[in-house]
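Report on the structure
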Amino acid sequence: MVQSTSSSSTPPRANETGAETLHAEVLVAGGGLVGATLASALASAGIETVVVDQESPDDVLKMGFDGRASAIAAGSRHMMEAIGLWDLVAEQAQPILDIMVTDGRIGRPKSPLHLHYDHREVGEAMGHIVENRVMRQGQQRLLPSFERLTVLAPVGVERVVRTTSHATATLSDGRKVRARLIAGCDGRGSPLRQSAGIRTARWTYDQAGIVATLEHDADHAGTAHEHFLPSGPFAMLPMVDGPDGAHRSSIVWTEKKRLADHFYGLDTDAFAREVLRRFGTDYGDVREAGPRFKYPLSGLHAERYIDTRLALVGDSAHAIHPIAGQGLNLGLRDVAALAECIVDARRLGLDVGNPDVLRRYQRWRRPDNLILVAATHTLDHLFSNDLGPVRLARDLGLAGVNRVGPMKKLFMQHAMGTLGDLPRLIRGEPL
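Note that the structure is predicted; figures quoted are calculated from it, not measured.

1. A closer look at the packing of helix α1 (residues 33–44) against helix α8 (residues 327–347)
Orientation of α1 relative to α8, taken along the N-to-C sense of each, is 25 degrees, at an axis distance of 9 Å. The angle between α1 and α8 places the two elements in the roughly parallel class. Relative to α8, α1 is oriented so that their crossing is right-handed. The segment α1 lies against α8, with L33, V34, T37, L38, A41 and L42 engaging L328, G331, L332, V335, L338, A339 and I342. Looking at the contact of α1 with α8 residue by residue, the classes come out as 11 nonpolar, 2 polar and no charged.

So this is what it looks like as structure tokens:
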């Protein structure tokens, strides 16, 4: 058992069964990329917070390279800077300086009609690609620095009782945590969402995602490629060079389900040839630099994000197609909004888990997330086909946006997560 415990305004005490009870304003259930960021944001603003993580911090810090990486939009980076996380990952973060969106067919040149986002048009990198383990390790180094944060790990939430005045969670080691609010950061299968009886809309795609890290001969120059093919988008995302100086990129290859197992099971040489058939030889030869991953593609959206003393955050509330690389960023924007709602309530002397606070969070985040759910769903259906008239229309559409400066800048800001009613943290401002 690993426990990182700091000073608390209310000390732990034994409950009627003799097990320890900890008290906090917010219990964050789930210590992954979203949960640990929420805990850090709250603690940085002086909110008494407990985070429960099923992974041991020591195990996270020892994690080796596994090939998985995430796109961190500019707005998400601003938040990470504001809470002190970015400095711990910046050296291993590859800036996205350009984004090239193209259309085509396997084995044929990309369409000359394309959409090009250039960071010089907005004055900063549009995002960064960061290995998931680098993010998790940065979080584990940051969490102990907060005086009002307690980390319980490795441990899980077994049972929760929520009343109008508080919520009490019983943990897998028998301890209890009593809090004003529980933030459910417990993933797509969220037991907290299910126990609250919150229904979800769910759908599946006739696609699977194949993820891998590649080494290649030529420098990627900080360019992210999104190449639309009849079976689904093929993304080549720039990563920092490997320890040996090799140029690296992460691929997110969307493929029809009936073919995904075949491609996933190819030997390394055959796999590289299939990559080149889809991406071309712009980077020269390619070689795998880590394990492959394959997962079915599906989506969900919760009918509501809140219940008595409960707020759903990240994948527990929504999950989208990876076509735009925005899944994690939506969760991080949830974090920024919920943290602001909680901190504002606390400064007014209000109960941080009262219904008005939770309704403000839901009104802020649910419409934005619903728009992205619908947009990614529509984009996948629009681009994942080989119908001649549709292909011509989408190519003309890409070229049209590319030529209309104000429209393109609007699209760029949306991709960067810097458009709309932004929480303070997403603007880079402290809570």
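Picking up after the structure, the text goes on.
2. Description of the environment of A74
You can see A74 is positioned in helix α3 (residues 74–82). Sequence separation of A74 and M416 is 342 residues, and the distance between their C-alpha atoms is 5.0 Å. Those residues in contact with A74 that lie beyond four places of it in its chain are E124, A125, M126, G127, M416 and T418.

3. A word on the sheet that holds strand β5 (residues 69–73)
In sheet architecture, strand pairing relies on hydrogen bonds along the backbone and comes in two forms, parallel and antiparallel. Ordered by their spatial adjacency, 3 strands build an open sheet running β5-β9-β6, and the pairing between neighbours is antiparallel. Both edges of this open sheet fall to β5 and β6 (93–96), since each of them pairs with a single strand only. Taking each pair of neighbouring strands and ignoring which way they run, the sheet shows an average axis angle of 25 degrees. By the bridge criterion, 4 bridges tie β6 to strand β9 (residues 127–131) in an arrangement that is antiparallel. For A93, the partnering residue across the bridge sits in β9 and is V130. Where α3 meets the sheet, it contacts β5 and β9, and its direction lies at approximately 90 degrees from that of β5.

4. A few points about the environment of D58
Following the sequence through the fold, D58 ends up in helix α2 (residues 57–61). Distance from D58 to Q137, taken between C-alpha atoms, is 9.5 Å for residues 79 residues apart in sequence.

5. Quick look at unusual backbone geometry
The amide bond that connects A153 to the next residue, P154, takes the cis arrangement and shows omega of -10 degrees. Along the chain, P154 turns up in the loop between β10 (149–153) and β11 (157–162). Positive phi, close to 55 degrees, is recorded for A221, a residue that is not glycine. On the secondary structure map, A221 appears in the loop between β14 (200–216) and β15 (223–229). For A221, a relative accessible area of 47% corresponds to the partly exposed category. In this structure, R309 takes a positive phi of about 60 degrees despite not being glycine. Residue position: R309 is located in the loop between β20 (306–307) and β21 (310–312).

6. Considering α1
Residues lying three or four places apart along an α-helix face the same way, a consequence of the helix completing one turn every 3.6 residues. Here α1 contains 12 residues, and its C-alpha end-to-end distance of 17 Å stays within 8% of the 16 Å for a straight helix at 1.5 Å per residue. A large share of α1 lies buried, amounting to 11 of its 12 residues. Those residues of α1 that fall on the buried side of the exposure criterion are L33, V34, G35, A36, T37, L38, A39, S40, A41, L42 and A43. G46 lies just past α1 and shows a positive phi near 85 degrees.

7. A short note on the UniProt feature "domain: FAD-binding" (unreviewed entry) in the protein
The feature "domain: FAD-binding" (unreviewed entry), as annotated in UniProt, sits at residues 24–345 in this numbering. In residues 24–345, the share of helix is 25% and the share of strand is 38%. The end C-alpha atoms are 15 Å apart.

Thresholds, definitions, all that
Residues numbered from 1 in each chain as written. Predicted model: local features only at pLDDT ≥ 70, side-chain atom pairs only at ≥ 80, totals over all residues. Heavy atoms only, no water. Axes fitted to C-alpha atoms, helices over the stretch in contact; angles between N-to-C directions. Helix = DSSP H or I, 4+ residues; strand = E, 2+ residues; numbered from the N terminus. Parallel < 35°, antiparallel > 145°, perpendicular 65-115°, else oblique. Left-handed = near helix turned anticlockwise from the far one by under 90°. Contact = heavy atoms within 4.5 Å. Nonpolar A, V, L, I, M, F, W, Y, C, P; charged D, E, K, R; others polar. Pairing = 2+ DSSP bridges. Buried < 20%, exposed > 50% of the residue type's maximum accessible area, 1.4 Å probe, protein only. Expected span 1.5 Å × (residues − 1). UniProt positions renumbered as here; feature names shortened; annotations may be inferred.

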